[in-house]
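# Close look at the chain arrangement
Listed here are the chains, written in short residue letters.
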Amino acid sequence: MKVYPAGRISERTPFGTGQVVLQIVKQGGIYDTYHVGAFEVLKPFFRDIPLLYKADAAQIKKYKERQEICLQHFLEANDFVGMVVELNANCAAPKLFLKRFFDKFNAFRVLKYLNYVHPFYFQKQAVEIAAGSLLEKMTAEPISRDLPDLLTAYRKRDI
């Protein structure tokens, strides 16, 4: 048995899924989401984080400068070098360093990054455009941008 969650309108809080569903309904079902490219910027950044274990401030700064400009600006605005220096001063093992890094650079920090890079570096996209782009990257096949077709394709992937 599969369960498919459904959003519902709610005005109990000024944030959250209920408010987003209410906004979508008010806009006639149109909803923009983050550009897939903004997530792609994070992939090499996160992949190479283990290289920062026991790196000094100069090495961390060079690492930051190898990132895409939008991410560089976000990291600078959030004292990335200072954060990693502090983590290295307090972590005796690579596994602990990674755990603490991702405790600090968690989903809320990613959301903060996404809001930082939109609209200056990336433009939000219609859900069907972003969902289709992501699915094309995952399958390397052309994908329909029809919402019911996209939903079916994602359900078949069971992700």
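Notes on the structure follow.

### Quick look at the pattern of salt bridges
Where charged atoms from two side chains of opposite charge come close, those side chains can pair. As enumerated under the stated definition, the model contains 6 salt bridges in all. Of the charged contacts in the structure, one is a salt bridge between Asp48 and Arg47, with a shortest N-O distance of 3.2 Å. Judged by relative accessible area, Asp48 falls into the partly exposed class, the value being 22%. A salt bridge links Arg145 to Glu136; the nearest nitrogen and oxygen atoms lie 3.0 Å apart.

### What to know about helix H2 (residues 36-47)
Between the first and last C-alpha of H2 there are 17 Å, a value that for 12 residues agrees with the 16 Å anticipated at 1.5 Å per step. Every buried residue of H2 is accounted for by Val36, Gly37, Ala38, Val41, Leu42 and Phe45.

### Here's the deal with the packing of helix H8 (residues 127-139) against helix H9 (residues 147-157)
In the contact formed by H8 and H9, the axes pass within 10 Å of each other and the chain directions differ by 40°. Taken together, the axes of H8 and H9 lie oblique to each other. Our pair here, H8 against H9, has a crossing hand that is left-handed. Contacts between H8 and H9 involve Glu128, Ala131, Gly132, Leu134, Leu135, Met138 and Thr139 on the former and, on the latter, Leu147, Leu150, Ala153, Tyr154 and Arg157. For the contact of H8 with H9, the class distribution of residues is 8 nonpolar, 2 polar and 2 charged.

Quick notes on the rules
- Residues numbered from 1 in each chain as written.
- Predicted model: local features only at pLDDT ≥ 70, side-chain atom pairs only at ≥ 80, totals over all residues.
- Heavy atoms only, no water.
- Salt bridge = Lys/Arg side-chain N within 4 Å of Asp/Glu carboxyl O.
- Buried < 20%, exposed > 50% of the residue type's maximum accessible area, 1.4 Å probe, protein only.
- Helix = DSSP H or I, 4+ residues; strand = E, 2+ residues; numbered from the N terminus.
- Expected span 1.5 Å × (residues − 1).
- Axes fitted to C-alpha atoms, helices over the stretch in contact; angles between N-to-C directions.
- Parallel < 35°, antiparallel > 145°, perpendicular 65-115°, else oblique.
- Left-handed = near helix turned anticlockwise from the far one by under 90°.
- Contact = heavy atoms within 4.5 Å.
- Nonpolar A, V, L, I, M, F, W, Y, C, P; charged D, E, K, R; others polar.

Function cannot be read off these values alone, since they describe shape.
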